[in-house]
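Here's the letter readout for the chains.
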Amino acid sequence: KAGVTQTPRYLIKTRGQQVTLSCSPISGHRSVSWYQQTPGQGLQFLFEYFSETQRNKGNFPGRFSGRQFSNSRSEMNVSTLELGDSALYLCASSPGGPVETQYFGPGTRLLVL
Amino acid sequence: AQRVTQPEKLLSVFKGAPVELKCNYSYSGSPELFWYVQYSRQRLQLLLRHISRESIKGFTADLNKGETSFHLKKPFAQEEDSAMYYCALSVSNFNKFYFGSGTKLNVKP
């Protein structure tokens, strides 16, 4: 099976702009989670989607939002970008049951200038 | 609050030496614990999870609820074990994970 794919792989934006990142899960996986990875904070959970519904949420401001489509593909949106949003954004998928192994994508590296 | 602590940012050992990567967690319930690994230029991937009690690539990890620890061990380190290792905790019924900050293992020849 093809692995988790994320697009784009790299992005440069300026403060105040918004950005949309995309994640395609492994075929058959219905759960998609998003993480922010930074050198200072490590990997932090943003949210998880299952069957087009947000099932879990981390402690991030409302500027961070997501959605999932009927084919399980997911998008994450960050509005009003801040310098501190510069990070590697990882997406992970799993079949959808409780506490499953997460299969990670390569990440999207976002730089906010 | 749930938290995962990996006290060592970098651990250097010689090939053939034993290695232990420390992981402590804070959670009052029954935790589900994982170790993920990221080799150079590769994706983050599962190494092992405590519930399966498997030994992967010679690594084992024992959950010690009394000490709230889940240390990763290998009796004889290999150069190919050099990677970034993350301990992760899940406390909900679904896929919400708390990750430690990671330990970079460097196995010297």
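**Q** Explain the overall build of chain A to me, and be specific about the residues and the numbers.
**A** When helices and strands are tallied, chain A shows zero helices and 11 strands. N-terminal to C-terminal, the α/β element order of chain A is β-β-β-β-β-β-β-β-β-β-β. Computed over the C-alpha atoms, the radius of gyration of chain A is 13 Å, within 12% of the 13 Å expected from 2.2 N^0.38 for a compact globule of 113 residues. Residue burial in chain A is summarised as follows: out of 113 residues, 52% are buried. If you take every contact in chain A between residues at least 6 apart in sequence, the share linking residues at least 24 apart comes to 54%. Accessible surface computed for chain A: about 5,200 Å², of which carbon and sulfur atoms make up 50%.

**Q** Pulling in residues and values, what's your account of the sheet that holds strand S8 (residues 74-78) of chain A?
**A** Residue and element names in this part refer to chain A. Reading across from one edge, S1-S3-S8-S7 is the order of the four strands in this open sheet, with antiparallel pairing throughout. Of all strands in the sheet, those with a lone pairing partner are strand S1 (5-7) and strand S7 (64-68), marking the two edges. The mean inter-strand angle of the sheet, taken between neighbouring strand axes irrespective of direction, is 20 degrees. Where S1 lies against strand S3 (residues 19-24), three bridges are found, and the strand directions are antiparallel. Bridging across to S3, Thr-5 finds its partner in Ser-24.

**Q** Residue-level account of the state of the cysteines, with values.
**A** Here a disulfide denotes a covalent bond joining the sulfur atom of one cysteine to the sulfur atom of another. For the coordinates displayed, the defined rule picks out two disulfides over all chains. In this model, Cys23(A) is linked to Cys91(A) through a disulfide, with the two sulfur atoms separated by 1.7 Å. Of note, the bridge from Cys23(A) to Cys91(A) carries an S-S torsion of about -45 degrees and is left-handed in sense. Of this pair, Cys23(A) sits in strand S3 while Cys91(A) sits in strand S9 (residues 87-94), placing them 68 residues apart in sequence. What pairs with Cys23(B) in a disulfide is Cys87(B), and their sulfur atoms sit 2.0 Å apart. Here Cys23(B) and Cys87(B) share a disulfide; its torsion about the S-S bond, -65 degrees, makes the bridge left-handed. Taken together, the residues span a long stretch of sequence, with Cys23(B) in the loop between strand S3 (19-21) and strand S4 (24-26) and Cys87(B) in strand S9 (residues 83-90) at a distance of 64 residues. Residues Cys23(B) and Cys87(B) agree in their burial class; the two are buried.

**Q** Got a sec to walk through the interface of chain A and chain B? Specific residues and values, please.
**A** When the parts of a complex come together, some accessible area is lost, and that lost area is often used as the size of the interface. Taken together, the contact pairs 22 residues of chain A with 16 residues of chain B. The junction of chain A with chain B conceals about 1,800 Å² of combined surface from both sides, 54% of it contributed by carbon and sulfur atoms. Among the residues chain A hides against chain B, the three largest losses belong to Leu43(A), Val99(A) and Phe104(A). Together they make up 36% of the total. Here chain A is connected to chain B by five residue pairs in polar contact (both at pLDDT 80 or more). Taken together, the elements giving at least two residues each to the side of chain A that touches chain B come down to strand S4 (31-38), strand S5 (42-50) and strand S6 (53-57) of chain A. Ranked by residue count, the leading element in the side of chain A that touches chain B is S4(A), at four residues. Its residues assigned to classes, the side of chain A that touches chain B comprises eight nonpolar, 10 polar and four charged.

**Q** Residues and numbers for the pattern of salt bridges, please.
**A** Where charged atoms of side chains with opposite charge meet at close range, the side chains can pair. All names here are of chain A. A full pass over the atoms with the stated rule returns nine salt bridges over all chains. Close ionic contact of Asp-85 with Arg-63 constitutes a salt bridge, the shortest N to O distance being 2.8 Å. In this pair, Asp-85 sits in the loop between S8 and S9 while Arg-63 sits in the loop between S6 and S7, placing the two residues 22 residues apart along the sequence. Using a relative accessible area of 16% as the deciding quantity, one classes Arg-63 as buried. A salt bridge links Glu-75 to Arg-67, with the shortest nitrogen-to-oxygen separation between them at 3.2 Å. Arg-67 gets classed as partly exposed once you look at its relative accessible area, which sits at 46%. Beyond isolated ion pairs, a larger network of salt bridges with shared partners links Arg-63, Glu-82 and Asp-85.

**Q** Quick rundown of unusual backbone geometry? Include the residues and the values.
**A** Residues and elements named next belong to chain A. Cis geometry marks the peptide bond from Thr-7 to Pro-8; its omega dihedral reads -10 degrees. Phi angles above zero are rare outside glycine, and Glu-52 is one such case at about 70 degrees. Along the chain, Glu-52 falls in the loop between S5 and S6.

Calculation notes
Residues numbered from 1 in each chain as written. Chains lettered and ligands numbered in written order. Predicted model: local features only at pLDDT ≥ 70, side-chain atom pairs only at ≥ 80, totals over all residues. Heavy atoms only, no water. Helix = DSSP H or I, 4+ residues; strand = E, 2+ residues; numbered from the N terminus. Rg over C-alpha atoms; globule rule 2.2 N^0.38 Å. Buried < 20%, exposed > 50% of the residue type's maximum accessible area, 1.4 Å probe, protein only. Contact = heavy atoms within 4.5 Å. Areas by Shrake-Rupley, 256 points an atom, 1.4 Å probe, with all protein chains shown as cover. Pairing = 2+ DSSP bridges. Axes fitted to C-alpha atoms, helices over the stretch in contact; angles between N-to-C directions. Disulfide = S-S within 2.5 Å. Buried area = accessible area lost by both parts, 1.4 Å probe. Polar contact = N/O pair within 3.5 Å; in protein donor to acceptor, adjacent residues only side chain to side chain. Nonpolar A, V, L, I, M, F, W, Y, C, P; charged D, E, K, R; others polar. Salt bridge = Lys/Arg side-chain N within 4 Å of Asp/Glu carboxyl O.

Keep in mind these numbers describe shape, not what the thing actually does.
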